[in-house]
Amino acid sequence: MSKCEQCIVKQFNSLKSLTKDELVRISGCKTSKVIKKGEVIFEEGDVVNGVFCIRDGVCKLSKLSANGKDQIVKLVVKGDLLGQRSLVTEETANLSAVALNDMEVCFIPKSEIISDLQKNTNFTLDVLKDMANDLRQADDIIVNMAQKSVRQRLAETLVYLYESFGTNPDKTLSVILSREDYANIVGTAVESAIRVLSQFKKQGLISTSGKKIKIEDLEGLKRVE
């Protein structure tokens, strides 16, 4: 089990602002576990009561709409924290988190970290900055939904996956999403997502092999209208 004070992942989130003594104490009470692809980390309505630190892997955060469709609002990756809102509110989770591939996560109970939030102002500010960034991303999603076409949103998603997560040795995107996931990210019907991906393929922007997607023309995707 990795010790928090020695874990390089903490450099990518607000835990970097904790002192060594605080990290040592937290390390003694955290629990680490492997979450398999497709498993739920927490569901909408759950009481989270702590934060999850992502040591490896990717999960999707989604919101169930009134018509029963999932809207994916964010992909959470290695180095990110999940559940920071539970530190400052008693509300239940408003999103669900599901693993997109095998993950390693550490869970830190709220009872163990809340005193650090109250005493360590650097940590408090970093948590607030992360929350502000989440709000900004949520604003961007709303604007994109209103102002950009499905083609533009899907092209931007492919570019984001390529630039953020890279590729496998065969040059396909390392994060493999289902066609339903793509539809849920851009806010459209699965049939529409499949049709647009087919158009991109005919235009030579991408190639596919099953669920795997390879970007053939990155600059072309960035110019999609």
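Small disclaimer: the values here were computed from a predicted structure and weren't measured.

1. Things to note about the overall build of the chain
What the chain contains, in helices and strands, is 7 helices and 10 strands. Relative to the compact-globule value of 17 Å for 225 residues, the chain shows a C-alpha radius of gyration of 19 Å, a close match. Dimensions of the chain, computed from the C-alpha atoms along their principal axes, are close to 55 × 40 × 30 Å. Across the 225 residues that make up the chain, the buried fraction comes to 43%. The contacts in the chain between residues at least 6 apart in sequence include a share of 69% that link residues at least 24 apart. Just so you have it, the chain exposes about 12000 Å², and 51% of that area is on carbon and sulfur atoms. Taken together, the 33 basic and 31 acidic charged side chains of the chain have centroids lying 4 Å from each other.

2. A look at the sheet that holds strand S7 (residues 96-99)
Sheet strands pair by backbone hydrogen bonding; their relative direction is either parallel or antiparallel. If you trace the 4 strands from one edge of the open sheet to the other, you get S2-S7-S4-S5, paired in antiparallel fashion. The sheet is open, and its two edges are formed by strand S2 (40-42) and strand S5 (70-76), each paired on a single side. The sheet shows a mean angle of 30 degrees between the axes of neighbouring strands, direction not considered. Bridge count between S2 and S7: 2 bridges; the pairing is antiparallel. Bridging from a neighbouring strand, Phe42 pairs with Ala97 of S7. Running at roughly 95 degrees to S5, helix H5 (residues 179-186) makes contact with strand S4 (59-64) and S5 of the sheet.

3. Things to note about the nonpolar core
The nonpolar side chains of a soluble globular protein tend to be buried with one another. Of all hydrophobic cores here, the largest spans 25 residues; its most connected members are Leu158, Leu161, Tyr182, Leu197, Phe200, Ile206 and Leu221. For this core, the secondary-structure elements that each account for two or more residues are S5, helix H4 (150-165), H5, helix H6 (190-202) and strand S10 (212-215). Per-element tally for this core: the top contributor is H4, with 6 residues. Ignoring sequence-local partners within four residues, the contact set of Leu158 consists of Leu173, Tyr182, Leu197, Phe200, Ile206, Ile213, Ile215 and Leu221.

4. Concerning the sheet that holds strand S3 (residues 50-56)
Across the sheet, which stays open at both edges, the 4 strands sit in the order S1-S8-S3-S6 with antiparallel pairing between neighbours. The open sheet is flanked by strand S1 (31-35) and strand S6 (81-82), the only strands paired with a single partner. By the bridge criterion, 2 bridges tie S3 to S6 in an arrangement that is antiparallel. Note on S6: the bridge partner recorded for Phe52 is Leu82. On the sheet, helix H2 (residues 110-119) packs against S3 and strand S8 (103-109) and is oriented at approximately 70 degrees with respect to S8.

5. Some words on the packing of aromatic side chains
The final tally for this structure, using the stated rule, is 3 aromatic pairs. Ring geometry for Phe52 against Phe107: centres 4.8 Å apart, planes inclined by 50 degrees, an arrangement best described as tilted. Placement of Phe52 in strand S3 and of Phe107 in strand S8 is noted, with a sequence separation of 55 residues between them. Exposure class is identical for Phe52 and Phe107. Each is buried.

6. Here we look at the packing of helix H1 (residues 20-29) against H2
One way to put it is that H1 packs onto H2 with a least axis distance of 10 Å and a crossing angle of 165 degrees. Comparing the axis directions of H1 and H2 gives the class roughly antiparallel. The interaxial crossing formed by H1 with H2 has left-handed handedness. Of the residues in H2, those touching H1 at Glu22, Arg25, Ile26 and Cys29 are Glu112, Ile113, Ser115 and Asp116.

7. Notes on the side chain of Ser178
Counting through the fold element by element, Ser178 comes out in the loop between H4 and H5. You can call Ser178 buried: its relative accessible area is 17%. Here the side chain of Ser178 touches Asp181 through a polar contact of 3.0 Å, landing on its backbone nitrogen.

8. As for the UniProt feature "domain: Cyclic nucleotide-binding" (unreviewed entry) in the chain
As annotated by UniProt and renumbered to match this structure, "domain: Cyclic nucleotide-binding" (unreviewed entry) occupies residues 14-110. Along residues 14-110, the helical share is 11% and the strand share 42%, with 15 Å between the first and last C-alpha atoms.

Calculation criteria
Residues numbered from 1 in each chain as written. Predicted model: local features only at pLDDT ≥ 70, side-chain atom pairs only at ≥ 80, totals over all residues. Heavy atoms only, no water. Helix = DSSP H or I, 4+ residues; strand = E, 2+ residues; numbered from the N terminus. Rg over C-alpha atoms; globule rule 2.2 N^0.38 Å. Buried < 20%, exposed > 50% of the residue type's maximum accessible area, 1.4 Å probe, protein only. Contact = heavy atoms within 4.5 Å. Areas by Shrake-Rupley, 256 points an atom, 1.4 Å probe, with all protein chains shown as cover. Lys, Arg positive; Asp, Glu negative; His and termini not counted. Charge placed at Lys NZ, Arg CZ, Asp CG, Glu CD. Pairing = 2+ DSSP bridges. Axes fitted to C-alpha atoms, helices over the stretch in contact; angles between N-to-C directions. Core = buried A, V, L, I, M, F, W, Y, C linked by side-chain atoms within 4.5 Å. Phe/Tyr/Trp six-rings, centres within 6.5 Å; stacked < 30°, edge-to-face > 60°. Parallel < 35°, antiparallel > 145°, perpendicular 65-115°, else oblique. Left-handed = near helix turned anticlockwise from the far one by under 90°. Polar contact = N/O pair within 3.5 Å; in protein donor to acceptor, adjacent residues only side chain to side chain. UniProt positions renumbered as here; feature names shortened; annotations may be inferred.

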